[in-house]
Structures are given as structure tokens and as C-alpha cells.
Amino acid sequence: MTTVRQMFALQELDIILDRVQHDQVKAEYELSNGDVLGNLETELERDAEWLVETELQQKATKLEAQTQKDRSESLNSQLYGGEITNPRDLESLEREASNVRQLVEKHETTLSEITERIEEAQNKKSELETKLSEARAAWEIRQAELQTAIKELNKERTGFEGQRSKLTEVLDPTSLQHYEALRKSKGGLAVVKVQRGLCQGCRMSLPTHQQQRVRNGHQTVLCSSCGRMLFSS
Ligand SMILES: [Zn+2]
């Protein structure tokens, strides 16, 4: 005959097994989802692409600035060379020289802005590279830890499952089914202790005759309030 004491022992094993299984699922989830290296790598790639494009832009702007500077110098030497004396020609030359000077200034401002942005991006890139190599090292350690933990938990689980099947071999199938159904519907607690006349599952006070039947232990007594199997230690 299956006693409530055996059911209680089974439940203690099942609680441990639930915990082991939960820890194992958690560790496995982290092992397959905890890797943040991919995100850092993508960010670094994006920054590197931006740098290449912007450095090209910097080169083009430098060239353009130089062209305008050369033009400005040649206009200046025409202006002050003394070869052009006609006031109207001098005036239009002066206007052109002033336009080109403005262009040179504009290009130089743009160039210094680009250069500043490139420096910032280079700093960020080297920070990211450091972060990535640190994350790589940390992840390697964590991966090894998780693999060890999963192996241990597996071993633990096999051990407890062995104990469980030995225990269930001697239980009658109907009681076992009842126990399984109760555990499922009662938040993992099918068998509860009676302490000071109270069901420890639902905290309801039990009538004296029911408490007596639980103490005798001849048959399975269910709490009249929550339906759990009652156990008196
Ligand atoms: Zn109860």
C-alpha cells in the first residue's frame, strides 16, 4: 500500500528535480543567448565603414581647398603685380579674389569639422575594440563556467531521477496519478503537513476527527478545503 509518507518523500525529490531542471534550462538559455559579441562586432563594422567614407570626403575637401588656395594666390599676384592698371579690370579682379578667399575659408571650416569628427570616431573605434576584446575574454570564461555547470546539473538530475524511479516502482499507479494531478493543479504542492491543526497548504483549520485520521496514517486523507493530501510528521 502506498503511504502518504512515501508521497511526501516523492514530492521532496520532485521539488529538488524541478530546481535542478530550472537551473539547467537557465544555464542553457544563457549559453545560447548570452553572447553580446555579435552586437559589438556589428557596431564596430558600422563605425569602420563610416570612417572609410568620411576619410574619402576629407581627402576630397583637402584637394578642393588646395585648388582654391592656389587660385587665390595667383589672383593676388595679378592684383598686386602691377601689370593690370585698368581700374575696371582691377575692380573685377578684386571681386573675384574676394570670392575665392571666401571659398577657401568655407572649405577650411568644413575640413576642420570633418577632421574633428574623424578623431572622435577613431577614439570611439579604439574604445570599442578594447571593449570587444574584454567581452571576448569574459565570454570565454563564462562559457566554460556554464558548460561545467550544465554538466554537473545533468549528473545531479540523473542521480535524482534514478532515486525517483526506484521510489515510484513501489507506489500504486492510482495514487501516483492522483499525486501527479494534484501537483500540477496545486502549484507544485500535492502533499502538505498538518501543523497545530492547520493544513499547511491552505492554512485552514482541520476538524479534530480529520486530524486524527491523518495521524493514524492508515489511509490518504485529503484536506476538505484545498484537496491536498495531508501528512503528519
Ligand atoms: Zn488545505
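This section reports on the structure supplied with the text.

Cut-offs and rules
- Residues numbered from 1 in each chain as written.
- Predicted model: local features only at pLDDT ≥ 70, side-chain atom pairs only at ≥ 80, totals over all residues.
- Heavy atoms only, no water.
- Helix = DSSP H or I, 4+ residues; strand = E, 2+ residues; numbered from the N terminus.
- Rg over C-alpha atoms; globule rule 2.2 N^0.38 Å.
- Buried < 20%, exposed > 50% of the residue type's maximum accessible area, 1.4 Å probe, protein only.
- Donors = N, O, S within 2.8 Å, 3.2 Å for Na, K, Ca; no water.
- Tetrahedral: all angles 85-135°; square planar, octahedral: opposite > 155°, others 65-115°.
- Core = buried A, V, L, I, M, F, W, Y, C linked by side-chain atoms within 4.5 Å.
- Contact = heavy atoms within 4.5 Å.
- Salt bridge = Lys/Arg side-chain N within 4 Å of Asp/Glu carboxyl O.
- Phe/Tyr/Trp six-rings, centres within 6.5 Å; stacked < 30°, edge-to-face > 60°.
- Axes fitted to C-alpha atoms, helices over the stretch in contact; angles between N-to-C directions.
- Parallel < 35°, antiparallel > 145°, perpendicular 65-115°, else oblique.
- Left-handed = near helix turned anticlockwise from the far one by under 90°.
- Nonpolar A, V, L, I, M, F, W, Y, C, P; charged D, E, K, R; others polar.
- Pairing = 2+ DSSP bridges.
- Patch = residues over 30% accessible without salt bridge, like charges linked within 9 Å, V, L, I, M, F, W, Y side chains within 5 Å.
- Areas by Shrake-Rupley, 256 points an atom, 1.4 Å probe, with all protein chains shown as cover.
- Lys, Arg positive; Asp, Glu negative; His and termini not counted.
- Charge placed at Lys NZ, Arg CZ, Asp CG, Glu CD.
- Expected span 1.5 Å × (residues − 1).

### Side note on the overall build of the protein
Here is step 1: Check the secondary structure of the protein and you find 5 helices and 3 strands.
Here is step 2: Secondary structure elements of the protein, listed N to C terminal, follow the sequence α-α-α-α-β-β-α-β.
Here is step 3: On C-alpha atoms alone, the protein measures out to a radius of gyration of 41 Å, which is more than a quarter above the 17 Å that the 2.2 N^0.38 rule sets for 233 residues.
Here is step 4: Expressed as a percentage of its 233 residues, the buried residues of the protein come to 29%.

### Things to note about the coordination of the zinc ion
Here is step 1: Of the protein atoms, only C199 (SG), C202 (SG), C223 (SG) and C226 (SG) coordinate the zinc ion, at distances of 2.3 Å.
Here is step 2: For the zinc ion, the 4 donor atoms are set out with angles of 106 to 113° between them, so the coordination reads as tetrahedral.
Here is step 3: Written as a sequence motif, the donor arrangement for the zinc ion is C-x2-C-x20-C-x2-C.
Here is step 4: Under the relative-accessibility criterion, C223 is labelled buried at 3%.
Here is step 5: Overall, C226 belongs to the buried group, its relative accessible area being 11%.

### Brief notes about the nonpolar core
Here is step 1: Core analysis: the biggest nonpolar cluster contains 12 residues, these being V4, M7, F8, L10, L171, L176, Y179, L182, A190, V191, M229 and F231.
Here is step 2: Those elements that provide at least two residues to this core are α1 (4-33), α4 (173-185) and β3 (229-231).
Here is step 3: The leading source of residues in this core is α1, at 4 residues.
Here is step 4: Excluding its chain neighbours within four sequence positions, the residues that come into contact with L176 are M7, L10, T168 and L171.
Here is step 5: If you look at the next biggest cluster of nonpolar residues, it comprises 9 residues, including C199, V221, C223 and L230.

### Notes on the pattern of salt bridges
Here is step 1: In total, this model carries 15 salt bridges according to the counting rule given.
Here is step 2: As a salt-bridge pair, D18 and R183 come within 2.8 Å of each other at their nearest N and O atoms. On the criterion of sequence distance, the pair formed by D18 in helix α1 and R183 in helix α4 is long-range, its members being 165 residues apart.
Here is step 3: R183 gets classed as buried once you look at its relative accessible area, which sits at 14%.
Here is step 4: Between K124 and E43 there is a salt bridge whose closest N-O contact spans 4.0 Å. Of this pair, K124 sits in helix α3 (residues 87-169) while E43 is found in helix α2 (residues 37-80), placing the two residues 81 residues apart along the sequence.
Here is step 5: Of the residues examined, E43 reaches a relative accessible area of 26% and is grouped as partly exposed.
Here is step 6: Within this structure, D14, R164 and E180 form a network of salt bridges that share partners.

### Observations concerning the packing of aromatic side chains
Here is step 1: Within the structure shown, the criterion is met by 1 aromatic pair.
Here is step 2: Consider the rings of F8 and F231, whose centres lie 4.5 Å apart with planes at 25°: the pair is stacked. Linking F8 in helix α1 with F231 in strand β3, this pair joins segments that are 223 residues apart in sequence. Each member of the pair F8 and F231 is classed as buried.

### With respect to the packing of α1 against α3
Here is step 1: Relative orientation of the contacting elements α1 and α3 amounts to 160°, with a least axis distance of 9 Å. One element, α1, and the other, α3, form an angle in the roughly antiparallel class. In the packing of α1 onto α3, the handedness of the crossing is left-handed.
Here is step 2: For the contact of α1 with α3, a count of residues per class yields 14 nonpolar, 8 polar and 10 charged.

### A short note on the sheet that holds β3
Here is step 1: Taken together, the 3 strands give an open sheet; going across it, the order is β2-β1-β3, and neighbouring strands pair in mixed fashion. Of all the strands in the sheet, just β2 (198-199) and β3 have a single pairing partner and so form its edges.
Here is step 2: When strand β1 (residues 191-195) meets β3, the two strands line up parallel, connected through 3 bridges. Across the sheet, residue V191 finds its bridge partner in β3, namely M229.

### Observations concerning a negative patch on the surface
Here is step 1: The grouping of E113, E116, E119 and E120 at the surface amounts to a negative patch.
Here is step 2: Following the sequence through the fold, E120 ends up in helix α3.

### Remarks on α1
Here is step 1: End to end, α1 covers 43 Å across 30 residues, agreeing with the expected 44 Å (1.5 Å per residue, within 8%).
Here is step 2: Those residues of α1 that sit buried are V4, M7, F8, L10, Q11, L13, D14, L17, V20, Q24 and A27.

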